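# Notes for the structure review
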Amino acid sequence: MIDKIRLPAGVSPINYDVFFDIDLEKFRFSGKETIDLKVSKSTKKIVLHSSGLKIKGAFLLTKGKTLKAKVTENKKMEQIVLTFNECIATNTKLVVEFDGELTDNLTGLYRSKYTVNGKEKYLVTTQFEAPYARRAFPCFDEPAQKATFDVAMRINKDLQAISNMPIKKERREGGKKIVTFQRTPKMSTYLLYLGAGEFDFLESRYGKVLVRVVTTRGKKNQSGFALDLTKKFLKYFEDYSGIPYPLPKLDMIAIPDFASGAMENWGAITFREVILLFDKKMTSVAVKKRIAEVIAHELWHQWSGNLVTMKWWNDLWLNESFATFMAYKAVDHYFPEWKTWEDFIIDETDSAFDADSIVSTHPIEVEVKDPKKIEEIFDAISYDKGGSVLRMLEAYMGEKNFQRGVSNYLRKHKYGNATASDLWEFLALASKEPIKKVAGAWIRQPGYPLVTAIRKGNTLSLSQKRFVFNANDKTLWPVPLIIKTNDRIFTELMDKKEKKIPLGQGWFKINYGQTGFYRVKYGEENISALKSVVAEKKLPTTDRWGIQSDFFRLSRHGEITIDKYLDFIKSYSEEDEYMVLRSIFGSLRSIYFVFSQEEFWKNIEKELTGMFQETFERVFQRLGWEPKDNESEIDTLLRNLALGYLGFAGHEDTKRIAREKFDEYVNGGAIHPNLRGIAFFLVSDSNDVNVYNKLLGIYSRSQSPEEKIQVLAALGNFRDPKILEKALDFSISKKVRRQDVYTTFSSASGNPAARSILLNWTERNWKQIESYKKSHSIFLHIIESLITAYVTKDKEMELRQFFKRHHVEYKMTLDKSFDRMRRNIFWLEKNRKVIEKYFS
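Notes on the structure in this doc start here. (Residues numbered from 1 in each chain as written. Predicted model: local features only at pLDDT ≥ 70, side-chain atom pairs only at ≥ 80, totals over all residues. Heavy atoms only, no water.)

### With respect to the overall build of the chain
Threshold: Helix and strand definitions follow DSSP, with helices as H or I runs of at least four residues and strands as E runs of at least two, each counted in order from the N terminus. Using C-alpha atoms as the atom set, the radius of gyration is obtained and then compared with a globule rule of 2.2 Å times the number of residues to the power 0.38. Type-normalised accessible area, obtained with a 1.4 Å probe on protein chains alone, sets the label of each residue: buried when under 20%, exposed when over 50%, and partly exposed for intermediate values. Only heavy atoms enter the contact rule, under which two residues are in contact if any of them lie within 4.5 Å. Computed with the Shrake-Rupley method and a 1.4 Å probe, the accessible areas treat only the protein chains shown as cover for residues. Neither His nor the chain ends is counted toward charge; the positive residues are Lys and Arg and the negative residues Asp and Glu. Charge placement uses NZ in Lys and CZ in Arg. For Asp and Glu, CG and CD serve respectively.
Scanning the chain from N- to C-terminus turns up 28 helices and 29 strands. Taken over C-alpha atoms, the radius of gyration comes to 28 Å for the chain, in line with the 28 Å a tight globule of 840 residues would show. Summarising its shape, the C-alpha atoms of the chain cover approximately 90 × 65 × 55 Å along the three principal directions. Looking at the chain residue by residue over its 840 residues, the buried ones come to 62%. Contacts spanning at least 24 positions in sequence make up 72% of the contacts within the chain whose residues lie at least 6 apart. Carbon and sulfur atoms make up 47% of the accessible area of the chain, which amounts to about 32700 Å² in all. Across the chain, 132 positive and 110 negative side-chain charges occur, with their mean positions spaced 5 Å apart.

### Comments concerning the packing of helix H7 (residues 380-397) against helix H8 (residues 399-413)
For clarity, the cut-off: Lines fitted to C-alpha atoms define the axes, with helix axes restricted to the stretch in contact, and inter-axis angles between N-to-C directions lie between 0 and 180 degrees. Put simply, Ala, Val, Leu, Ile, Met, Phe, Trp, Tyr, Cys and Pro go in the nonpolar bin, Asp, Glu, Lys and Arg in the charged bin, and everything else, Gly too, in the polar bin.
The interhelical angle for the contact between H7 and H8, taken along N-to-C directions, is 115°, at an axis separation of 6 Å. Contacts between H7 and H8 involve Leu-390, Glu-394 and Met-397 from the first element and Glu-399, Asn-401 and Phe-402 from the second. Residues of the contact of H7 with H8, tallied by class, amount to three nonpolar, one polar and two charged.

### A look at the sheet that holds strand S26 (residues 489-494)
Stated precisely, the cut-off is as follows: Pairing between strands is defined by DSSP: at least two bridges between the two strands are required.
Within the open sheet, the three strands sit side by side as S26-S25-S28. Their pairing is antiparallel. Edge positions in the sheet fall to S26 and strand S28 (508-510), since each has one partner strand and no second. Neighbouring strand axes in the sheet, compared pairwise and without regard to direction, differ in orientation by 25° on average.

### Thoughts on the sheet that holds strand S29 (residues 519-522)
Read from one edge to the other, the open sheet built from four strands follows the order S27-S24-S23-S29, with strand pairing classed as mixed. For this open sheet the edge positions go to strand S27 (498-502) and S29, each flanked by a neighbour on one side alone. In this sheet, adjacent strand axes meet at a mean angle of 25° when their direction is disregarded. Here five bridges tie strand S24 (residues 459-466) to S27, and the two strands are oriented antiparallel to one another. Looking across to S27, one finds that Leu-462 is bridged to Lys-499. Contacts from helix H12 (residues 541-556) reach strand S23 (449-456) and S29 within the one sheet, and its direction differs from that of S29 by about 85°.

### Quick word on the nonpolar core
Stated formally: What makes a nonpolar core is a set of buried Ala, Val, Leu, Ile, Met, Phe, Trp, Tyr and Cys residues whose side-chain atoms join them at distances within 4.5 Å.
The biggest cluster of nonpolar side chains holds 297 residues, and the ones touching the most others in it are Phe-20, Ile-46, Phe-137, Ile-510, Ile-591 and Phe-803. Here this core gets twelve residues from one element, more than from any other, and that element is helix H14 (residues 578-595). Not counting chain neighbours up to four residues away, the residues in contact with Ile-591 comprise Phe-552, Ile-562, Leu-566, Ser-596, Trp-601, Leu-608, Trp-827 and Ile-835.

### Some thoughts on the packing of aromatic side chains
We count it as follows: Put simply, two rings from Phe, Tyr or Trp (the six-membered ring, in Trp's case) pair if the centres are within 6.5 Å, and we call them stacked under 30 degrees between planes, edge-to-face over 60, tilted for the rest. A ring has a charge above it when a Lys NZ or an Arg CZ is no more than 6 Å from the ring centre and no more than 35 degrees off the ring normal.
Overall, the coordinates contain 61 aromatic pairs when judged by the stated rule. Plain terms: the ring middles of Tyr-699 and Phe-730 are 5.3 Å apart, the flat faces sit at 85° to each other, and that makes the pair edge-to-face. Note that Tyr-699 is positioned in helix H20 (residues 689-701) and Phe-730 in helix H22 (residues 721-731), a separation of 31 residues in sequence. Each member of the pair, Tyr-699 as well as Phe-730, is classed as buried. With a centroid separation of 5.0 Å and 90° between ring planes, the pair formed by Phe-802 and Phe-803 is classed as edge-to-face. For the pair formed by Phe-802 and Phe-803, the shared burial category is buried. Over the face of the ring belonging to Trp-312 we find Arg-6, whose NZ or CZ atom lies 4.3 Å from the ring centre. The ring of Phe-353 is capped by Arg-519, whose NZ or CZ atom sits 4.2 Å from the centre of that ring.

### A closer look at the side chain of Asn-717
Put simply, the rule is: Within 3.5 Å is the distance limit for a polar contact, defined as a pair of N or O atoms, with the added protein rule that one can donate a hydrogen and the other accept it, and that residues adjacent in sequence qualify only through two side-chain atoms.
Within the secondary structure, Asn-717 sits in the loop between helix H21 (705-715) and H22. Only 3.2 Å separates the side chain of Asn-717 from the side chain of Ser-684, close enough to count as a polar contact. With residues near it in sequence (within four places) discarded, Asn-717 still touches Phe-681, Ser-684, Asp-685, Leu-724, Ser-747 and Asn-751.

### Considering the environment of Asp-332
Structurally, Asp-332 can be placed in helix H4 (residues 316-334). Residue Asp-332 is classed as partly exposed on the basis of its relative accessible area of 25%. Counting along the chain gives 39 residues from Asp-332 to Glu-293, while the straight-line C-alpha distance between them is 9.6 Å. Those residues in contact with Asp-332 that sit more than four places away from it in its chain are Thr-340 and Trp-341.

### As for the pairing of strand S18 (residues 249-255)
Stated formally: Handedness of a crossover is defined as follows: with both strands directed away from the viewer, a clockwise route from the first strand across the helix to the second makes it right-handed.
Taken across its seven residues, S18 has seven buried, putting it largely inside the fold. The side-chain alternation of S18 yields two buried faces, one formed by Lys-249, Asp-251, Ile-253 and Ile-255 and the other by Leu-250, Met-252 and Ala-254. Here strand S17 (residues 209-216) pairs with S18 via five bridges, running parallel. Bridge pairing in S18 links Leu-210 to Lys-249. Of the crossover connections in this fold, the one passing from S17 over helix H2 (residues 224-241) to the parallel S18 is left-handed. Bridging between S18 and strand S20 (residues 268-272) involves five bridges; their strand directions are parallel. Looking across to S20, one finds that Ala-254 is bridged to Phe-271.

Any functional reading would require information beyond the geometric quantities listed.
Printed below as a string of structure tokens:
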């Protein structure tokens, strides 16, 4: 099947000379390209990728003559076949002319709308990953088909043009101008960039490299933070890799309409505005940290992904996992006070744990048999699990060995393509460890192990099995164990189903430091000891997080009943660290999400939500409502967490003061950017239509992308189904950017009050929701959110019938979503009586 979706061998590109004529008034573009071809196998046919383009003509320039092509389109495979009357046996030039539409689908070459001083404007930009370059020009749209690019654009004379390389020359042509760019290095099609619009630039230099932050007019003053971070991270990655940044310029471009977070186009990185621009008056600490992480992620791609590229999409993780892991290293280097590795564990590793514990998960290295599957593997496995496994490998082999292996790998394969095996080879040489054996199992096998640890006298008996919901699986992994006891730390490699280790008396903690990608289940004798260790905070924050996180997931999967988890977390009553408290709050909210519509819930709600009220009140009393000058980023986040929990527990003073601050803001007062989001959340947890209308007013007036997203999220938090329907209607109106349409839907999906209306609303609005298929990731978010909103067998049957009526091609997304739904159904049915009895 792979051979059917991959282009035939024998013809490959050397250089593209491509010209685009862009019309932002008619939302059209036309183009002409000349591709220098290497022909290694005689053929009468050349196959290119092309999607949504009108091919006006194609011909070869060979041996001093012109050979016209017969053009046949295969829409399903997104290909065109060019057939010639003569065999092509030598290198030649292919000329293709084409037309296309500048859509607002956020893929290919597309238009983005914004306003300046109330006046509507448009810019043109690109998103070619993956695989969307074919929507802008016919090409060999595969990562291994690297070539150089000579790009030129005809645009309105008042616009600025951006591509991967600096401008070579400009020439006026009436009311237009033609902008020609320098030739790119050898690179893949998905990394090409084209942009044109009315831009502002904040410029600086990093050595000889011109660094610019590019914005729409009037936002240049929000660019300083990103510019400073870009230069910092360039230095870090140059030092780490031992390879200088290879291009003469680097643009960091803020785009008003952008489906994903950012895209690593070589030398012209694109971002959502909210993830690049920093406004001291409007940007929260959480988004500030996110800006740093995403900038670092995209910059590491300039080496791993751009300079060295995967051969095929099965090794997408080589790009994304690496960038995920390296971003946190860079951010931690410059901002150690942010406790970035704690963020990595709760945002990346825990996300991967959840995604990888269902039957329908996929290996990190996944076979791609269908173009649709390429879009579906941009997920928590390719990004988060891969990054977590790399962190585990680094801990196993040592940081310096890991760095040396990575540097040598990049040097060997620069300007080319590589596979996972190439990376393992260099890591093994650097460390003298069996990296291929260890890494291969983690990359090629789906899932991860549950290590059960039971002390028998002075012996620790270990066993492993796959931690997966509703399946028996005999898969084994080579597990690098780090074990902490009351008096020592030691390591073991567990590569069999069972292992016995001599161990003295006292408590022990497995996966010390939480660098391993596995869960742990302890025997009763150690659980009692760990309760005291946790309560007395004898373990670091990450390990206290890990013990309770494992307990909660064991409950979700039926390894233990829910009362065991609830009993264990009582030992955290004195906890004060953000990482741990965030996880406990999340677990209790998950219980609320699944159990809150049971008849007995009203009898237990106060006790469950009040379990940690004193803990969070103590935190809040220390911090107070108003952020203090120079307080730590962690304290800022901890305040919001405490307020969120107190609202969850129904704390009336918290809700009252939040409403006062909200009303003051609505009436023209100020609210601190770090309080704004939580205030919106707290006031929307109600049946008050006046709050709903006030939030819409804030949305319409706001010029802040972050604030608009906070409003959209709050709209999905109301308890009145009629207000929720209004909110969902608003979310798909023309007042909301396409990139943001799933925000309210996703929020409502996590709100049990929305279950009475969500499926029916989706049915009524399916035609419009289906139109988001062209924006792919947005559509996938909606599908997943719809299914996972429900927790009963009856609703599972209804949803399956719904998707029989409304066919969706994304099988992987459907399977994963239904697996998550079934896990919640199982958890509810297994623990319904247990939790009622526990609080009775």
